Every structure is written in C-alpha cells, then in structure tokens.
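Coordinates in review
Take a look at the letters that make up each chain.
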Amino acid sequence: MNPRSKHLFTGTLLLTLAVWLAFAWPLPRHFFDGIPMSSQNVEKGHARAMLPGDHLQLLYHFELVRDMLRGRIPWLHNVYEFNTGDDAQRYRPGAYFAPFSLPYALFASAGGRAFGWNLTGLLSLWITALATGALAGRFTRSRVAVFGAALVSLVLPFRWVNLLGGSPAGLAMMWVPVVALGLDMALREHRAAGGVLAGAALLLCCWSDLQVFFFCALSVPLWAILSWIGRPTPRRGDVKAAWKALAPIVVFLVLIVLYRSLRHEQLTASGVAGGRSLTEVGLFSPTWRGLWQWAAEGLQSHVYFGWMLPLLLVLGGITLFRSLRRQQAVPPVVFFLFLLCCAAIADVVILALGVHGPFGGVVFKIVRVLIPPYSMVRQAAKIYCLLPTLAALAMALGIEGWMRLASSSARRAGGLVSVALLLLALEMRFQVRPTICLLDDTQGAYAVVADDARTAGVQPRALVIPIWPGDSSWASLYEYYVQMYGLRMVNGYSPAVPREYVENVFRALESANQGWLTDDQLARLAEMKVGYVLVHENAFPEKVSPFPVTTTLHRLLKNPRLAFLRQAENVWAFRIEPQPGASLPAPDFPACAASFPARRWEWESVLSEQGETVTDERAGGGGFLRMERGASWAETRPARVAPDPTLRWLIRGRGTGNFQAITVAGENRSEPSRLSFGSEAWTWLEVPIKEHHVFQPLRLRIQEADGRVELDLALLAAGDWPLTWNPGDRLEIPAACLFHGGYSDEGAVIFRTRYDPEAALLYGPKRPLPEGLYRIELVHESGAPAGSPLGRLNIRTRDDDDSGWTPVRAGQPCVITWAQTANLPVNAVFVYDRAHDVKVVKLIIEATHAAR
C-alpha cells in the first residue's frame, strides 16, 4: 500500500468514525442492544424497545441469511412468514440483500443482532467515504479536496434518512461512488480491473436495493462522460482501449438481467409490476420547501439541500472561474467538469420533487415517458441517492480551485476550507435526530409455543393476531420473534404482497382480529398445519377491529377449541385443540359489560341522495344531514364485523318525521325498522342488528323519511350501556375494557417506559352520556415517588378537542368534574408520558347532577 493510499485508508476511517459518532448519537450508547429506526426523533428519550418498522423487516432478512449460513433453515427459503404448511413452497430465490447480509451474519454471530447491524452500517459509511475520496483524488491533487469530498459524501441528510430508517437504500448508496470509481479507472487508465469493479458494484447494488440500482445505472453515462472528459492527455487508441477495459461489465449485465427477470416474476405475482400512477407518486413526493426547511419531518426531510452546500458550491464556481485567469490556473476542463456536476445536481433536485417539481413536475413527467421503468418509482426523492457523490465531486473541484487560487498561503486556505466544511457538517447534523429501537432478547409467549410444539414433536406454526393484508409494518414485530424462536407463521410483512395471500389467507382469517374463529376456519388452519394462535395486545390499532382488543381476547378465551397457554405481558399464546378440551387456567380477566365502539359515522359525510348538509356546532362533527319527505336515503360505509347478539346501531338525530333503518349485511338487507325522533332535541335511538351469524361487512341505511329527519352521527356498538342517567348512577370500567396499549393485568392496564410511547395509550368509552354534571376518576397506581408525573387526562366529545388537560401524578387521585353540555359520546383520553411505569386500574364515571 503506497503512502497516499494508506493516508486515504486511515483518514477516511477516522473521518467516518467521527461523523458516525456525531450524526448517529445516541446510537453509540446502544451499540450492543439497539438499532436505529428513524432519522427523526419520534420518542421521548430517543429510544424505545421493539418499535415496528422497516428496520425490523430488514433485520429479519439479514437474520434469514444468518440462519441459512448456520444450517437452521434451507438455503434461499423464507420459511418464517407467509408459510401455509409446506416449507418447500417458501423457496424464494434472491440476493437477500447481499453482500451486506454476509458481514452482518459474521458480526451478529460474534456480538449479537444489534452489534452486527450497527457495525454493518458503519462499514458501509466507511467504504462510501473511501471510494468517494479515491474518486475525488483522480480529479484533484489537493488532499484537502479529497477529504472534503469524503466528508460531503457522508453528511447529506438523505443518507441518514435511509440508513437510520432501516431502508436498504441507506446501505446500497455505498455502491454509487464505487461504480463511478470503477468507470474512471477503466476510461482513464484502460484497466480491466476498473470494468470489473464497476460491473460488480452494479450487480451488488442490484442485489442490495433495486431503486438505488436503477438510479445508479441511469447515472453511468454521466460518470463515463466526466471520466472521459477528465482524461489528462487524450491519445490515439483511447476509445478501443477503453472499450476493452469496460468489456467485463457485459458479464455482470447478463447476471443483472437474469436477476431482474426473477424479481419481475415476483413483482408480477404481487400486482406491483404495472407501475405507479401519478396520483400515488404525488402522495410520496416532497415539496420545494423541504429543500431548506429546518428540522423537517416526513417526506420533506428527505430532500433537504440546505444553505451551506449551495453557498459553498457557488463559491467554488467563483474561485474556479477566477483561477482560470491566474498564473496557477486550473485547466479549463476542470471548470467544465464542475459545471457538469452542478447541472446534474440541479437535475437530481428537480426530479426528487416528483410531481411537485417546477411547472407541475413537467420534468418528472417527461422522464417517465422517455424512460418507461421510471414509472415504477413511487418515492421520487430516491434519486437523491446520487446527490452525495455528485456534490462530493463538485465540492472537490471547487476546493481545488480555491487551493490553487490561494497557493501562496495553502495552509491558511486549507484552514478556511476546513472551517467551511465543518459548518456544512454542523448544519446537516441538526437535520438528523435518531430514534433507537431497543431489541428484545426473549419473548415468553413465543417461547412457550416453541417449547409446547417441541414437546409434542411438531413444527411450531402460528397465526399471529392482528392479521394484516401483508403490508403493515406492525407485522415486523412478528417477524422478529418468529425468527428468534423458529416459528412459522401464516401471515407476514412484505412490500410486495402476493395476491394469493390477500385472497386466500387474509380474507379467510380476517375475523380472527375480532376473536371470531369458526370450526371451518380452524380446519383451514389445520390444513396449513397451524397449531397455535398468538395475540399482540399492544399492537392493536382501531383499524383492525371495531372494538377494543379486550373483545378479541374474551372471544378467544371462551373458544372451546383454543387452550390458553400463557400471557407474557403484551403477547398471549393459545394452542388449537382438535376437539374442545380443558385449558390452563386463564388470567383473571374482566367481564366487560360493553364493547366500546371504534366505528363512528358523521351523517353529513356519508354517501347520500337528496339530503341536505347543514352546519351546526352542537352536532357531533359540526354538521348534520337533513332528510325531507321523498326518496332521499343515506348509508354508512361498511364495517366488517363478527357476530354478536348484542350488536346494535346507535343513531343520534332529531326532527318530527319517521324513517326506516335497514341493516345491509353483505348483499342482504334486514327487515326495515320504522323509527321516529319526535323532538327538536338531539336524541339517541337504538337499532338491534338481527340475523347476523357470519363475519361480513355491515352498513346502516336510512331511507323513506316521512317528514323532517335530521341525522347527526351513528355508532356501531355492542353490550349494555345506559342511555339515561340519574344522579348517583355510577359505572366502574376496568381499564382493560377500554382501548389501550400496554398490557392487561387482572383488569388493569400496565404501561412501561421501556416499551410504551409517550402517546394516548388508554381511552374510551366513546359512548353517549346525557347532559349533566359528572365526576370522572382515573384510578391508577405507580411505584414512582409521590407527586411524580405519570401523564395527563382529558375528557372530550370531539376527537380534535385537545384542551383541558388534568395532570396524573403518582400517589394523587385524578378526578375531573365534567359538564356534559350535549348528549354526545364522551371519551376520556389518558396520555402516558413515559416518565415512570404506571398501572391504570379503572375509569369511574358518576352522575352528580342532571341537566337543568
């Protein structure tokens, strides 16, 4: 190794470590127990255990390779998810994110999952800096310019958005400067090794991330032009020699075509191969404000360009232009190369804005027409993967001009450039605020399933609830645990979900989210050799069920074909029995008198005909639907619901007319219920749902209004709840019966600082209360010192009411006197603040005075 290469090797390594320590903090504190999940802090304290997301999904695929290498699963088989009973059918040929999954497997075997993940990310950053520095060194003689380029390649926020967000693009961006370096070696020096390096980098980029590969391949002509123009002394025979040096790329292109054809078959099976519509692209396109928006969030943060970078590029261009007139002039070709890089940077920025680019995204739309594969790109900002290398090379050329202009005081010039680069790095650092996902070492419910199956001599296969259509990041939690214990699950998580799974598995078993599993469904699970059911109590958003998770758990515990095995805090385990039999004693679980509603419809927003929308602040959503005598009708959107003899519609309205209420179940309609309000005051009516014996979508239809009927809102409810209250009436609602995160414990709900976010983690009942005065108390316990903050409580009748918070403190009762001024559904919302562990026991509602 020559001295210059040695300096580049060690210098970029030290530079990478310094940048990583600064940008990834507090990740270094969790090097052995956590991995990053976002470049924007979304958690109090920057860290929380088992955050779902793309980071866990990519970790799962890395672990698949590790399991293949140690013989735990067959090669090229993804057996842990979407497994319907035959491991052989889970043969999935592919790259499995090689080569990054290979060093990960080595590092993880030595120091654990977090160590392997973090060291692999650090390695990709170092190779980026090394390749960029080597590339810049071929265009400039200045060591300051070389290391300045290496620094720029590391600090742009888009790299950290992807690397810290668990996207394979964060690793794959490493290949962009490697491809450019290989092409430069082939075209300038006519070295076949350059062609091999460029071709191999393209192939490995294709394996790592298809979108980065796509943009990297598109940039090949640009890198070739820059290298060809940058030749020091053009000679006869250069073209022929260059083609010979590039010849090895052909071999790698053949391999890429074969791999892409394989991936195309998998995408075709998922329905993604048809491309992305402009409407879909628009949802994932940032706006121009993101280019300079400080500490932006979401998509806007992806395209941050900043203030120092364009300023330094402008100054670099000025110094290059001025140096052309001095004795120490740079060759004109250097200035031309700088302008080419800047033009390419401008193109990248414009295309990154997608349909929100200048003139309605006309450049983006033209490119989609000229380059048909571009229609597959959903996230327009992905083209930013080229920006670090382009900006680094442009910066190196600009610094070269500055150093030549100030050749008489090179040390002073180098110091000024270093200060400018440091300011650039500081600006970019403030755009990165990492969130760390702490990793679990064990999970008791999954462990008991694995042990129980091992004792029975069968392969542990499970259905994990909630079951999703296959594209929800919540399922990344399942992936992590099933891989840890070697379970096969029938559901899974993939950005390209097979249609067969959605149609034959998800739809067939969707009712399990509500705890409804019939003998036919259990027989179907038996055909797939599934012997267990696991429920994630704290991963149960309203989207998956019209009622709280407690309703689901109640039904599963009462199912005679399900034997309760264990509750390991937030995860429950059941064994499917061939015949009804005895179960282990279930935990002391509360009997919830009512299933509280997650489905609510504002009538002024539903599908209707000949209805008039009227604004009214006393209405639930600020308006209502007026139906007069005639052929008007209104119908709610469907809600997929499991059978329950206590199911009913609750309708809030007023008026002086009659109307018909009909339950539409699938394609069938119930017998009309003839109802009337008969009052100008808002009134609640109940409509029982009868003859509902199967899991199917339900809709409420109102029609044939006779007179004036004004409809405010509708609820889908179950169980008993009083519509009239008298002073002294009192309800004690176990916390577990409400919508909640955390995990239930004998009717209470426990929240832990390690696992639970600072968010609204317990709320309800979302049922109507008559007008009057009420005493509402949140009963809680905590081991925190007396007076310590635990969270805050808010009572509301509208979802957007974020006022009137009452602090919840350890050792102090939390009581709110609530004046119910309209008989709307009331919702008590507890926001946990993650300062201490807390146990919420129950919510007490007591009527103290009736409305006057």
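In this report, the structure presented in the accompanying data block is examined.

What counts, and at which threshold
Residues numbered from 1 in each chain as written. Predicted model: local features only at pLDDT ≥ 70, side-chain atom pairs only at ≥ 80, totals over all residues. Heavy atoms only, no water. Helix = DSSP H or I, 4+ residues; strand = E, 2+ residues; numbered from the N terminus. Buried < 20%, exposed > 50% of the residue type's maximum accessible area, 1.4 Å probe, protein only. Contact = heavy atoms within 4.5 Å. Pairing = 2+ DSSP bridges. Axes fitted to C-alpha atoms, helices over the stretch in contact; angles between N-to-C directions. Parallel < 35°, antiparallel > 145°, perpendicular 65-115°, else oblique. Left-handed = near helix turned anticlockwise from the far one by under 90°. Nonpolar A, V, L, I, M, F, W, Y, C, P; charged D, E, K, R; others polar. Salt bridge = Lys/Arg side-chain N within 4 Å of Asp/Glu carboxyl O. Arc of directions from axis to C-beta.

1. Describing the overall build of the protein chain
Per the secondary structure count, the protein chain includes 24 helices and 33 strands. In terms of overall dimensions, the protein chain has C-alpha extents of about 95 × 65 × 60 Å along its principal axes. The buried share among the 852 residues of the protein chain stands at 57%. In the protein chain, the share of contacts with a sequence separation of at least 24, taken over all contacts with a separation of at least 6, comes to 77%.

2. Observations regarding the sheet that holds strand β1 (residues 34–38)
Pairing within the open sheet is mixed, and its three strands lie in the order β1-β3-β2. Each edge of the sheet is formed by a strand with only one pairing partner; in this case those strands are β1 and β2 (47–49). Neighbour-to-neighbour, the strand axes of the sheet open up by a mean angle of 35 degrees, direction not taken into account. In the sheet, β2 pairs with strand β3 (residues 435–438) via three bridges, with the strands oriented parallel. Within β3, the residue paired with Arg48 across the bridge is Cys437.

3. Observations regarding the packing of helix α4 (residues 113–137) against helix α8 (residues 175–189)
As a packed pair, α4 and α8 sit with axes 8 Å apart at the nearest point and diverge in direction by 30 degrees. As the angle between them shows, α4 and α8 are arranged roughly parallel. As for the relative orientation of α4 and α8, their crossing is left-handed in sense. Of the residues in α8, those touching α4 at Ile127, Thr128, Ala131, Thr132, Ala134 and Leu135 are Pro177, Val178, Ala180, Leu181 and Asp184. Here the contact of α4 with α8 is composed, by residue class, of eight nonpolar, two polar and one charged.

4. Quick word on the pattern of salt bridges
Taken as a whole and assessed by the stated rule, the structure comprises 41 salt bridges. Put simply, Arg66 and Glu63 hold a salt bridge, and the shortest N to O gap is 3.0 Å. With Arg66 and Glu63 both in helix α2 (residues 54–69), this residue pair falls three residues apart, about one helical turn. Looking at Arg66, the relative accessible area reads 11%, which means it is buried. Using a relative accessible area of 1% as the deciding quantity, one classes Glu63 as buried. In this structure, Glu710 engages Arg626 in a salt bridge whose closest nitrogen and oxygen atoms are separated by 3.0 Å. Remark: Arg626 occurs in strand β13 (residues 623–627) and Glu710 occurs in strand β22 (residues 709–719); sequence separation between them is 84 residues.

5. Some points on helix α22 (residues 499–509)
Residues three or four positions apart in an α-helix share a direction because the helix packs 3.6 residues into each turn. For α22, the complete set of buried residues consists of Tyr501, Val505, Phe506 and Leu509. Taken end-on, α22 shows its buried residues confined to a sector of 85 degrees, consistent with a single buried face. On its buried face, α22 is in contact with β4 (461–465) and α23 (519–527).

6. Description of the sheet that holds strand β29 (residues 789–796)
Ordered in space as β24-β27-β32-β29-β30, the five strands form an open sheet in which the pairing is antiparallel. Where the open sheet ends on each side, the last strands, each with one partner, are β24 (739–740) and β30 (806–809). Sheet analysis places β29 next to strand β32 (residues 825–832), joined by six bridges and oriented antiparallel. What sits directly across from Gly791, in β32, is Tyr832.

In short, the description is geometric, and any link to function would need to be established separately.
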